[in-house]
Amino acid sequence: MEQESKKNKKGLVDFLASLRVTLFLLILLGFICALGTLVPLTSEYSDFRRFLIGGVGRVMLSWGFEKPFTSTSFRVVLGLLALNLLFCTVRRLPPLLAAYFAPTADKKEPFFDQGDFRARGGKVPADGIADEMKKQGYTVVATTEGEGTGKSMLARRGALAPFGPQVTHLGVLLLFLGGVLGWYGGFEGYAEAAAGTTFDVQQGEFYRVIERMRRISFLRSFYLDLEKERVLTEQDVTAFRSLESEFTALEKKRKELAKRPLFQVRVLEAREEHYAGNRGVKDWTSVLQVEVNGQKQVTQAIEVNVPLSYGGVTMYQHSFQRKPMDSAGPGALVTSVALAIGESVKLKSVPLTLTIKEFYADFAVAPSQNGSPKAFSKSAELNNPAVKVDISEKAEGQKEAPSRELFLFEKPPHVIHEDPNSRFKVRLKKVSGPKGARRMHLAVYAPKVEAWTGISIQHDPGTWLVWLGSFLMMVGMALSFYCEHRRIWIFVTKDGEVKLAGLAAKFPTAFRSEFASVVEVFQAQANERSSQ
């Protein structure tokens, strides 16, 4: 009974460590990754609607597939793959350790008379063999004396090479363990703040509550869609009510946790740098000051790849934008100009060129013959004045100024030229003059804006394991690809004749010439002795 139990355990270990299981898990992992490329990497529910309606949606959401690379299925497959690597390593490591630390040279004489790498080296004294092998780059690690049969020795080089795959496996396992610590012990948050303001860095539980509330909002939208499609079941209704109750409890918990932040961060400065000659963004920089109970702790400028770490929390530069300080108005008036239809002007005070393309006294839109919308004037009266304007802005160092055509309206709701990359806004103030001599009065504004910085807040306790695992993977691959494990057995018969047998784990062609060189050395010594 005990033997049968041991046999079953060994069979289970062999199955879990088998290559077939590895290949199956890798194929499954590849399938999940391929499916993940089809799912939009956004938290907006509207982007997922076409994936989620119906029974398929229930399955995907139950496995967390709105975020495929942190989903339950992805983690389960990774866990099984890690288990497969662990069993594979545990099964293969003991014999490797035994061969490295306790090598044996117990090959009998018949072993040296068959195989590809077999040769005779003549009669050579056994005492000088170890020194001669050392000259050839080999180390004699084991010697066995036979009773009346002769002496057997094992010389080897690159003895660490067989450990390459095992070290690589260990690195992968540490990577997985670091990921598990990051998934369940870390957190990730986000904060936006204007220059001169302060935001709180909260405890990890706060950000985990926020993440759970986002997922509940996602699931609520899904169930509301099911209700619209009239496919809502009683189980769905029960699940929806449960989510509502959980969301209410989480909101209360969030408010309580928000009262106990870890520390505060003051944004001293936020700026955006551009490349010379164009509007391409070169870098975002924020100067942050960490404060605890109002006391300054550390001040540091962070960039996209230069974070700030404090108290185990790392803050990365995530985004940057300029927001109007006063959204009610267009900003401060810079200049104004009156133009006729077809007239163009290059402003002196600002780097703008304005061209009036068309004028509509009573603007309206109707479909054209090809079905696309077409602007026209319903009457000659100034009931809804509008102009089609070409606006180009030339940045410093640019050879050509990019242009943009749009319609501007005099009456509310005003349509204002507002390019996020532009420093100015253009608005149609009024239309004057009689028909045939219309003048369009355009005003240019410089809106008051303030710099806002977006900060990614992260805590990952498994980072050091990820770094260690990556290092071990590189070491393991270096051992596997660049180290060559080669062994040569030497048998000295009782009458002094030397027989050699070799074995190479890889590159047998290169080993063939090396083995022949070793044989030639012993044969030369044997010939020298016989000639004396």
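Residues numbered from 1 in each chain as written. Predicted model: local features only at pLDDT ≥ 70, side-chain atom pairs only at ≥ 80, totals over all residues. Heavy atoms only, no water.

S.K.: Can you break down the sheet that holds strand β6 (residues 263-274) residue by residue, with the values?
M.R.: Spatially, β5-β6-β7-β8 is the arrangement adopted by the four strands of the open sheet, whose pairing is antiparallel. Both edges of this open sheet fall to β5 (198-201) and β8 (295-302), since each of them pairs with a single strand only. Shown here is a sheet whose adjacent strand axes are inclined to one another by a mean of 30°, direction ignored. For strand β7 (residues 281-292) and β8, the ladder comprises seven bridges, and the chain directions are antiparallel. Within β8, the position partnered with Val290 by the bridge is Val298. (Pairing = 2+ DSSP bridges. Helix = DSSP H or I, 4+ residues; strand = E, 2+ residues; numbered from the N terminus. Axes fitted to C-alpha atoms, helices over the stretch in contact; angles between N-to-C directions.)

S.K.: Summarise the nonpolar core; cite the residues concerned and give the values.
M.R.: Ranked by internal contacts, the top residues of the largest apolar core, which has 31 residues, are Phe199, Val201, Val265, Leu288, Met315 and Ile457. For this core, the secondary-structure elements that each account for two or more residues are β4 (187-194), β5, α8 (204-228), α9 (234-258), β6, β7, β10 (313-324) and β21 (449-459). Among the elements that make up this core, the one with the highest residue count is α8 (nine residues). Val387, Val389, Leu406 and Val431 belong to the second largest nonpolar core, which has 21 residues in total. (Core = buried A, V, L, I, M, F, W, Y, C linked by side-chain atoms within 4.5 Å. Buried < 20%, exposed > 50% of the residue type's maximum accessible area, 1.4 Å probe, protein only.)

S.K.: An account of the sheet that holds strand β13 (residues 352-360) is requested, with residue identities and associated values reported.
M.R.: Spatially, β12-β13-β16-β17 is the arrangement adopted by the four strands of the open sheet, whose pairing is antiparallel. Each edge of the open sheet carries a strand with a single partner, namely β12 (344-346) and β17 (403-409). This sheet shows a mean twist of 25° between the axes of neighbouring strands, independent of strand direction. Relative to strand β16 (residues 386-393), β13 runs antiparallel, the two sharing eight bridges. If you follow Tyr360 over to β16, its bridge partner there is Ala386.

S.K.: Outline the pattern of salt bridges, supporting the account with residue identities and numerical values.
M.R.: A full pass over the atoms with the stated rule returns 15 salt bridges. In this structure, Arg157 engages Glu514 in a salt bridge whose closest nitrogen and oxygen atoms are separated by 3.1 Å. With Arg157 in strand β3 (residues 150-157) and Glu514 in helix α11 (residues 508-531), this residue pair connects regions lying 357 residues apart in the sequence. Taking the relative accessible area as the measure of exposure, Arg157 reaches 31% and is therefore partly exposed. Note on Glu514: relative accessible area 18%, which makes it buried. Across the salt bridge formed by Glu405 and Lys388, the nearest N and O atoms sit 3.6 Å from each other. One end of the pair, Glu405, is in strand β17; the other, Lys388, is in strand β16, with 17 residues separating them in the sequence. Residues joined by salt bridges that share partners form a network here, namely Arg157, Glu484, Arg486 and Glu514. (Salt bridge = Lys/Arg side-chain N within 4 Å of Asp/Glu carboxyl O.)

S.K.: Got a sec to walk through the packing of aromatic side chains? Specific residues and values, please.
M.R.: Applying the stated criterion across every chain, the model contains 10 aromatic pairs. Residues Phe363 and Phe407 carry aromatic rings whose centres are separated by 5.3 Å and whose planes lie at 55° to one another, so their mutual orientation is tilted. Taken together, the residues span a long stretch of sequence, with Phe363 in strand β14 (residues 363-367) and Phe407 in strand β17 at a distance of 44 residues. Judged by relative accessible area, which is 26%, Phe407 ranks as partly exposed. Pairwise contacts between aromatic rings join Tyr360, Phe363, Phe407 and Phe409 into one cluster. Directly above the ring of Trp183 sits Arg75, whose terminal nitrogen or CZ lies 4.4 Å from the centroid. One residue, Arg75, lies across the ring of Tyr184, its end atom 5.3 Å from the ring centre. (Phe/Tyr/Trp six-rings, centres within 6.5 Å; stacked < 30°, edge-to-face > 60°. Lys NZ or Arg CZ within 6 Å of the ring centre and 35° of its normal.)

S.K.: Please give an account of helix α5 (residues 72-101) that cites residues and values.
M.R.: For α5, spanning 30 residues, the distance from its first C-alpha to its last is 42 Å, which sits close to the expected 44 Å at 1.5 Å a residue. The largest bend in α5 is about 35°, located at Leu93, with the proline Pro94 one to four residues further on. Within α5 the residues assigned to the buried category are Ser73, Phe74, Val77, Leu78, Leu81, Ala82, Asn84, Leu85, Cys88 and Thr89. (Expected span 1.5 Å × (residues − 1). Bend = angle between axes of the 7 residues up to and from the residue.)

S.K.: So what's going on with a nonpolar patch on the surface? Which residues, and what values?
M.R.: On the surface, Trp464, Leu468, Phe471, Met474, Val475, Met477, Phe481 and Tyr482 cluster together into a nonpolar patch covering about 920 Å² of accessible area. As for its placement among the helices and strands, Met474 is situated in helix α10 (residues 463-482). (Patch = residues over 30% accessible without salt bridge, like charges linked within 9 Å, V, L, I, M, F, W, Y side chains within 5 Å. Areas by Shrake-Rupley, 256 points an atom, 1.4 Å probe, with all protein chains shown as cover.)

S.K.: Describe the environment of Ala504, and please don't skip the residues or the numbers.
M.R.: As for its position among the elements, Ala504 is in strand β23 (residues 497-504). The spatial distance from the C-alpha of Ala504 to the C-alpha of Glu484 is 7.6 Å, given a sequence separation of 20 residues. Sequence-distant contacts of Ala504, defined by excluding residues within four places in its chain, comprise His485, Arg486 and Phe511. (Contact = heavy atoms within 4.5 Å.)

S.K.: So, helix α7 (residues 164-185): which residues are in play, and what are the values?
M.R.: An ideal rise of 1.5 Å per residue puts 32 Å on 22 residues; α7 measures up with 31 Å between its terminal C-alpha atoms. Along α7, the residues classified as buried are Gly164, Gln166, Val167, Thr168, His169, Gly171, Leu173, Leu174, Gly178 and Gly182. The inward-facing, buried residues of α7 abut α5 and α10.

S.K.: Break down the packing of α5 against α7 for me, with residues and values.
M.R.: The N-to-C vectors of α5 and α7 enclose an angle of 145°; their axes lie 9 Å apart at closest approach. In this structure, the crossing between α5 and α7 has a hand that is left-handed. For the pair α5 and α7, the contacting residues are Arg75, Leu78, Gly79, Ala82, Leu85, Leu86, Cys88, Thr89, Arg92, Leu93 and Leu96 in the first and Gln166, His169, Val172, Leu173, Phe176, Trp183 and Tyr184 in the second. The class makeup of the residues in the contact of α5 with α7 is 12 nonpolar, four polar and two charged. (Left-handed = near helix turned anticlockwise from the far one by under 90°. Nonpolar A, V, L, I, M, F, W, Y, C, P; charged D, E, K, R; others polar.)

S.K.: Hey, could you go over the pairing of strand β22 (residues 486-493) for me, with residue numbers and the actual values?
M.R.: Among the eight residues of β22, seven are classified as buried, and the element is accordingly described as predominantly covered. In the sheet, β3 pairs with β22 via eight bridges, with the strands oriented antiparallel. When the bridges of β22 are listed, Gly150 appears paired with Thr493. Across seven bridges, β22 lies against β23 in antiparallel orientation. Bridged to Arg487 within β23 is Leu503. The hairpin formed by β22 and β23 contains three residues between the paired strands, and Gly496 there has a positive phi angle of roughly 95°.

S.K.: Tell me about the side chain of Asp390, and name the residues and values.
M.R.: As for its placement among the helices and strands, Asp390 is situated in strand β16. The buried charged residue Asp390 lacks any salt bridge, with Lys357 as its nearest oppositely charged partner at 5.1 Å. When residues no more than four places from it in sequence are discounted, the contact partners of Asp390 are Thr353, Leu354, Thr355, Lys357, Ser403, Arg404 and Glu405. (Lys, Arg positive; Asp, Glu negative; His and termini not counted.)

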